[in-house]
Amino acid sequence: MKDRFNFIIVVIGALVGLAVSIFTTLEHYGAATAEFCSINETFNCDIVNGSKYSELFGIPVALLGIIAYGFFFAAALAVRKNHNEKLMNLMVFGSVLALLFSLYLAYIEAFVLYTWCILCLTSLAANLVVAIGIFRWHKAGIVRVE
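Worth saying up front: this structure is predicted, and the values here are computed from it rather than measured. (Residues numbered from 1 in each chain as written. Predicted model: local features only at pLDDT ≥ 70, side-chain atom pairs only at ≥ 80, totals over all residues. Heavy atoms only, no water.)

**Q** Summarise unusual backbone geometry; cite the residues concerned and give the values.
**A** Of note in this structure, H83 is not a glycine but carries a positive phi near 55°. Within the secondary structure, H83 sits in the loop between α3 (61-82) and α4 (85-113). Of note, Y114 is a non-glycine position whose phi angle comes to about 55°, a positive value. Residue placement: Y114 occurs in the loop between α4 and α5 (118-139). (Helix = DSSP H or I, 4+ residues; strand = E, 2+ residues; numbered from the N terminus.)

Below is the structure:
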């Protein structure tokens, strides 16, 4: 029962993060607008998504989010079905990296750009949910093949 609950947490977090990342990627390329997110100088997705920090080595951070959340979603399905311990360990490692990177981006928003992106904060929350779900799932020892 615990594995089902933790699996659901990971899947929901990954789907929310995936949706936000897809929208933010579209917004980054100008194919969508986030007018609801550009409220004032304190909350402005356009400033954040248009900054030099919105890309890493020329790749939009939101596109990296699509890859990461897609991985967490697919890996959760595979672990649930096959109880693959190596894949679960990769999920744990990946969730730590994703969460640390999200925290770094939040630091940039707070102390460099001085503005917040609601979509980015939603992605951070999704990362946190995914990481908590993965850690709880891993701790429960569900993936051990005996």
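Still to come is the rest of the account.
**Q** Would you mind going over the side chain of N127 in detail, with residue names and values included?
**A** Within the secondary structure, N127 is located in helix α5. What N127 contacts, discounting residues up to four positions off in sequence, is Y69, A98, L99 and S102. (Contact = heavy atoms within 4.5 Å.)

**Q** Outline the state of the cysteines, supporting the account with residue identities and numerical values.
**A** With the rule as written, the count across this model stands at one disulfide. Paired through a disulfide, C37 and C45 show a sulfur-sulfur distance of 1.5 Å. (Disulfide = S-S within 2.5 Å.)

**Q** Now, about α5: what can you tell me, with residues and values included?
**A** Over its 22 residues, α5 runs 31 Å from end to end, which matches the ideal 32 Å to within 8%, given 1.5 Å per residue. Every buried residue of α5 is accounted for by L119, S123, L124, A126, N127, V130, A131, G133, I134 and W137. Where α5 ends, the next residue or the one after it, G141, has phi of about 70°, a positive value. (Expected span 1.5 Å × (residues − 1). Buried < 20%, exposed > 50% of the residue type's maximum accessible area, 1.4 Å probe, protein only.)

**Q** How would you explain the nonpolar core if you had to name every residue and give the values?
**A** Core analysis: the largest hydrophobic core is formed by 16 residues, its most contacted members being V10, A76, M88, M91, I134 and W137. Put simply, the parts of the chain that give this core at least two residues each are α1 (2-28), α3, α4 and α5. Counting residues per element, this core draws most heavily on α4, at five residues. Core analysis: the second largest hydrophobic core is formed by seven residues, C37, C45, V48 and L119 among them. (Core = buried A, V, L, I, M, F, W, Y, C linked by side-chain atoms within 4.5 Å.)

**Q** Which residues make up the packing of aromatic side chains, and what values do they have?
**A** A complete count under the given rule lists five aromatic pairs for this structure. With a centroid separation of 5.1 Å and an interplanar angle of 45°, the aromatic rings of Y107 and F111 are classed as tilted. Remark: F111 and Y107 occur in helix α4; sequence separation between them is four residues, near one turn of the helix. Note on F111: relative accessible area 53%, which makes it exposed. Of note, R80 hangs over the ring of F7, and the distance from its end group to the ring centre comes to 5.3 Å. (Phe/Tyr/Trp six-rings, centres within 6.5 Å; stacked < 30°, edge-to-face > 60°. Lys NZ or Arg CZ within 6 Å of the ring centre and 35° of its normal.)

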